[in-house]
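Coordinate inspection notes
Here is how the chains run, residue by residue.
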Amino acid sequence: PVRLGGALAAVSATAVAASESHVLVTAKDGALFAFGANERGQLGIGIGSEGSQEGGTSDSVGGSGGCVEKLAAEEAARVALPAGARVVGAACGHGHSVAVLDDGSAFAWGDDRHLQLGLRDDSIKALRRGATHASRPAAVSGPWLADGRDGRVRAVAAGGGGTEGGHTAFLVETKRGDELY
């Protein structure tokens with residue numbers, strides 16, 4: 001193993017999640033950093049592709065002016081989440097990523113061809129328009145929030161790839177106890 005440089009050299013990391021092609025690093029201060037492949041938007045920094053739920057706008061990182069398909073570890077980017085958000089857990093699927101925040105909410109981004117992001121109505125509507133991914137973090141709207149339920153996501157796992165697509169599992173604390181989705 002080699003110590004990572006760049007922005008990550010100064011990060012006090014508390015957790016790391018990895019897929020075969022991308023990595024998420026959770027920092028002690030609650031920030032989330034990403035590096036690796038980004039062809040499905042799994043880094044959460046935009047890709048500017050026609051299949052994007054964001055409408056196909058061109059995104060750039062670090063003022064490069066172009067689409068980012070891959071970031072080396074030394075170029076790791078901070079994932080843009082809502083102001084004040086503190087990440088307490090993260091997971092990487094084959095082409096998607098999920099983060100759990102300290103307030104019990106979750107955000108997901110990347111490949112959504114099999115509705116693995118948990119964005120529900122937004123995902124279905126986007127798929128009907130031909131979109132296949134969300135290249136920026138979007139709030140997960142799981143059933144644990146329906147009918148006045150006050151579910152809080154405690155943990156997340158992701159995986160998949162190949163012909164079966166990706167998948168995501170959420171461990172949610174509810175008034176009835178812990179539930180797995």
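Here, the structure is the one placed above.
Residues numbered from 1 in each chain as written. Predicted model: local features only at pLDDT ≥ 70, side-chain atom pairs only at ≥ 80, totals over all residues. Heavy atoms only, no water.

Taken together, the 4 strands give an open sheet; going across it, the order is β6-β7-β8-β9, and neighbouring strands pair in antiparallel fashion. Every interior strand has two partners, whereas the edge strands, β6 (87–92) and β9 (133–139), have only one. Each strand of the sheet is rotated relative to its neighbour by a mean of 10°, with strand direction disregarded. Across 4 bridges, strand β8 (residues 106–111) lies against β9 in antiparallel orientation. The partner of G110 across the bridge, within β9, is A134. (Pairing = 2+ DSSP bridges. Helix = DSSP H or I, 4+ residues; strand = E, 2+ residues; numbered from the N terminus. Axes fitted to C-alpha atoms, helices over the stretch in contact; angles between N-to-C directions.)

The subject of this paragraph is the environment of T174. With respect to the secondary-structure elements, T174 resides in strand β11 (residues 166–174). Distance from T174 to L145, taken between C-alpha atoms, is 9.4 Å for residues 29 residues apart in sequence. Engagement of the side chain of T174 in a polar contact is seen with the side chain of E179, the distance being 3.1 Å. (Polar contact = N/O pair within 3.5 Å; in protein donor to acceptor, adjacent residues only side chain to side chain.)

Moving on: the pairing of strand β1 (residues 13–18). Inspection of the sheet shows β1 paired to strand β2 (residues 22–27) by 5 bridges, in the antiparallel sense. Bridge pairing links A17 to L24 in β2.

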